[in-house]
Amino acid sequence: MKKVALSEANQFPFWRRPIFLLFLMAAALPLSFSTWSALLNNFVVDVAAFDGVKIGWLHTVREIPGFLAIGVILIIIFVREQLLALLSLVTLSAATAVVAWFPTYQGILITTIISSVGFHYFETINTSLQLQWLDKRKAPQMIGWILAIGSGASLAAYLFVIFGWRLMGWSYDSLYVAAGGATLIVTLYCIIAFPQFESPNPQNKKMVLRARYWLYYCLQFMSGARRQIFVVFAAFMMVERFGFEVHEVTAIFIINFVMNIVCAPIMGKAVEVFGERNALIFEYVGLTMVFLAYGGIYFFGWGAILAVCLYILDHLFFALAFALKTYFQKICDPSDIAPTAAVSFTINHIAAVFLPALLGYLWIVSPAAVFCLAAAMALASLGLSLMIPRRPFPGNETIFSKAVT
């Protein structure tokens with residue numbers, strides 16, 4: 001790839017600028033990952049008779065590469081971040097395409113961990129590139145647009161699943177192959193069409209752990225633990241408790257992503273106007289209430305309609321999590337972005353490595369207890385978010401910093 005400085009790249013036509021590459025990569029990932037997610041719960045129940053324990057172990061295995069995302073620091077010594085992001089998308093697309101070729105518990109575990117390497121390494125590098133390439137003043141709104149584009153790609157993937165499954169009668173194999181192929185085509189275009197963009201701030205290529213980032217690390221840890229409960233068990237509940245079929249689960253996902261397409265740019269503007277502190281407080285209060293209501297479904301026998309509404313609200317609240325990215329962007333040394341993206345991804349996945357498997361056993365005993373635990377985690381995150389200053393910057397990372405807010 002030809003090397004081009006970011007300042008020079010901004011003079012290019014829009015379709016060759018760094019922001020457009022971020023848009024394309026944001027679209028490429030969900031074409032595979034959203035199809036995999038939409039089909040997963042029904043696929044594993046249909047072909048491998050998964051129960052709560054097996055689905056817990058599957059997601060534990062899926063999160064191991066996220067825990068090992070710190071390895072990105074070693075790889076970027078030899079491979080530039082932009083190329084590594086695109087190679088990660090190639091890995092994800094290939095693994096997604098062959099999922100249905102291995103319809104056993106062991107086979108599903110293997111394809112899942114390979115696709116997870118691609119997914120988590122891409123997300124690590126993508127976070128780094130966003131924070132390096134986007135101006136701090138515009139970052140919240142631009143990340144909101146990136147999220148909206150990813151949601152649009154997810155919507156396209158889910159509509160494709162419904163069309164292929166319900167109207168065309170396609171098999172799991174056909175859907176997975178088509179999804180992986182679509183991501184591969186977009187990724188190959190990105191490799192060919194874009195030069196290598198050079199950030200003005202060379203990145204540290206060693207592990208960075210700084211005491212002044214402690215609040216960011218804590219928020220990342222709690223975010224990873226809390227999110228696993230949503231990702232693993234919220235959709236699984238729809239299938240196990242209410243008997244939702246593939247097209248019904250996918251329809252819920254479609255509603256989620258239509259809402260994200262509309263709301264994500266608005267959320268980005270809200271973070272820009274009201275600040276990361278207020279955005280995260282709002283998110284964690286909402287998530288606490290949603291998780292308590294999930295528990296109420298099992299305690300009081302509330303029905304499927306409420307469960308669907310809660311799932312949609314849950315997804316919207318989680319969309320605000322990008323405020324954590326822009327909080328870090330405001331407090332960090334610019335050369336720390338890439339290594340800290342890797343470190344924070346590992347921290348985010350510490351609980352993810354063991355929590356799904358352990359909670360799979362708790363799920364067998366009491367699904368409500370799983371969601372009550374998630375509510376407690378959301379409350380802990382709320383407490384941490386109150387420590388974010390109203391105007392974060394280097395030297396003013398928390399309300400306890402010496403700098404005056």
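Residues numbered from 1 in each chain as written. Predicted model: local features only at pLDDT ≥ 70, side-chain atom pairs only at ≥ 80, totals over all residues. Heavy atoms only, no water.

**Brief notes about the overall build of the chain**
- What the chain contains, in helices and strands, is 15 helices and two strands.
- Relative to its length of 405 residues, the chain is compact, with a C-alpha radius of gyration of 20 Å against a globular reference of 22 Å.
- Projected onto its principal axes, the C-alpha coordinates of the chain cover approximately 50 × 45 × 35 Å.
- Looking at the 405 residues of the chain, the share that counts as buried comes to 58%.
- In the chain, 86% of the contacts between residues at least 6 apart in sequence involve partners at least 24 apart. (Helix = DSSP H or I, 4+ residues; strand = E, 2+ residues; numbered from the N terminus. Rg over C-alpha atoms; globule rule 2.2 N^0.38 Å. Buried < 20%, exposed > 50% of the residue type's maximum accessible area, 1.4 Å probe, protein only. Contact = heavy atoms within 4.5 Å.)

**Notes on a nonpolar patch on the surface**
- Side chains of I64, F67, L68, F221, I350, F354 and L358 sit close together on the surface and give an oily, nonpolar patch of about 570 Å² of accessible area.
- Of all the elements in the fold, those that place two or more residues in the nonpolar patch are α3 (52-67) and α14 (350-365). (Patch = residues over 30% accessible without salt bridge, like charges linked within 9 Å, V, L, I, M, F, W, Y side chains within 5 Å. Areas by Shrake-Rupley, 256 points an atom, 1.4 Å probe, with all protein chains shown as cover. Salt bridge = Lys/Arg side-chain N within 4 Å of Asp/Glu carboxyl O.)

**As for the environment of Q196**
- Counting through the fold element by element, Q196 comes out in strand β2 (residues 196-198).
- Q196 gets classed as buried once you look at its relative accessible area, which sits at 5%.
- It is 9.4 Å that separates the C-alpha atoms of Q196 and E81, two residues lying 115 residues apart in sequence.

**A closer look at the side chain of S93**
- Here S93 is to be found in helix α5 (residues 81-97).
- Owing to a relative accessible area of 2%, S93 belongs among the buried residues under this scheme.

**Considerations on helix α12 (residues 322-331)**
- α12 sits mainly inside the fold: eight of its 10 residues count as buried.
- Within α12, the full set of buried residues consists of F322, A323, L324, T326, Y327, F328, Q329 and I331.

**Details of the packing of aromatic side chains**
- Summed over all chains, the structure comprises 21 aromatic pairs.
- Considering the side-chain rings of F233 and W363, the 5.0 Å spacing of their centres and the 20° angle between planes classify their relative orientation as stacked. Residue F233 is located in helix α9 (residues 214-240), and its partner W363 is located in helix α14; the two are separated by 130 residues in the primary sequence.
- Residue classification places W363 among the buried residues on the basis of a relative accessible area of 2%.
- Among the aromatic residues, those joined into a cluster by ring pairs are F14, F20, F23, W133, Y189, F194 and F197. (Phe/Tyr/Trp six-rings, centres within 6.5 Å; stacked < 30°, edge-to-face > 60°.)

**So, the packing of α9 against helix α15 (residues 367-385)**
- At a minimum axis distance of 10 Å, the contact between α9 and α15 shows a crossing angle of 155°. As summarised for this structure, α9 and α15 are arranged roughly antiparallel, according to the angle between their axes. For the crossing formed where α9 meets α15, the hand is left-handed. Counting all contacts with α9, which are made through L215, C218, L219, M222, A225, R226, I229, F233, A234 and M237, the residues of α15 involved are V370, F371, L373, A374, M377, A378, A380, S381, L384 and S385.
- Split into classes, the residues belonging to the contact of α9 with α15 amount to 17 nonpolar, two polar and one charged. (Axes fitted to C-alpha atoms, helices over the stretch in contact; angles between N-to-C directions. Parallel < 35°, antiparallel > 145°, perpendicular 65-115°, else oblique. Left-handed = near helix turned anticlockwise from the far one by under 90°. Nonpolar A, V, L, I, M, F, W, Y, C, P; charged D, E, K, R; others polar.)

**Focus on the nonpolar core**
- M25, M237, F291, Y294, Y311 and F371 are the most contacted members of the largest nonpolar core, which has 129 residues in total.
- With 18 residues, helix α10 (residues 246-300) is the single largest residue contributor to this core. (Core = buried A, V, L, I, M, F, W, Y, C linked by side-chain atoms within 4.5 Å.)

**Re the pattern of salt bridges**
- Within the structure shown, the criterion is met by seven salt bridges.
- The residue R210 makes a salt bridge to D336 at a minimum N-O spacing of 2.6 Å. Of this pair, R210 sits in the loop between β2 and α9 while D336 sits in the loop between α12 and α13 (337-348), placing them 126 residues apart in sequence.
- Using a relative accessible area of 32% as the deciding quantity, one classes R210 as partly exposed.

**Thoughts on helix α7 (residues 139-167)**
- With 29 residues, α7 should cover 42 Å at 1.5 Å per step; its first-to-last C-alpha distance of 41 Å lies within 8% of that length.
- One or two steps after α7, the chain reaches G169, where phi turns positive at roughly 70°. (Expected span 1.5 Å × (residues − 1).)

**Side note on the environment of A5**
- With respect to the helices and strands, A5 occurs in strand β1 (residues 3-5).
- On the accessibility criterion, A5 (33% relative accessible area) is partly exposed.
- When the C-alpha atoms of A5 and P200 are compared, they prove to be 7.3 Å apart, with 195 residues separating the residues in sequence.

**Overview of empty space enclosed by the protein**
- Across all of its chains, the model carries two cavities of 30 Å³ or more by this definition.
- Its volume calculated, the second largest cavity comes out at about 50 Å³.
- In terms of lining, the second largest cavity is formed by F33, W36, R62, L92, T112, S115, S116 and F119.
- Counting only elements with at least two residues in the lining of the second largest cavity, the list comes to α2 (18-48) and α6 (105-133).
- A breakdown of the residues in the lining of the second largest cavity according to their chemical character gives four nonpolar, three polar and one charged. (1 Å grid on protein atoms, 1.4 Å probe; cavity = no way out; pocket = protein on both sides within 12 Å on 5 of 7 lines; lining within 4 Å. Points joined across faces, edges and corners; volume = space filled by probe spheres on them.)

**Side note on the side chain of T35**
- Topologically, T35 is positioned in helix α2.
- Excluding its chain neighbours within four sequence positions, the residues that come into contact with T35 are P30, A157, V161, L175, Y176 and A179.

**Regarding the environment of F14**
- Tracing the backbone through its elements, the reader meets F14 in the loop between α1 (6-9) and α2.
- The spacing of F14 and M222 is 208 residues in sequence and 38 Å in space, taken between C-alpha atoms.
- Setting aside anything within four residues of it in sequence, one finds F14 in contact with I19, F20 and F23.

Read these as layout, nothing more, since geometry by itself doesn't imply function.
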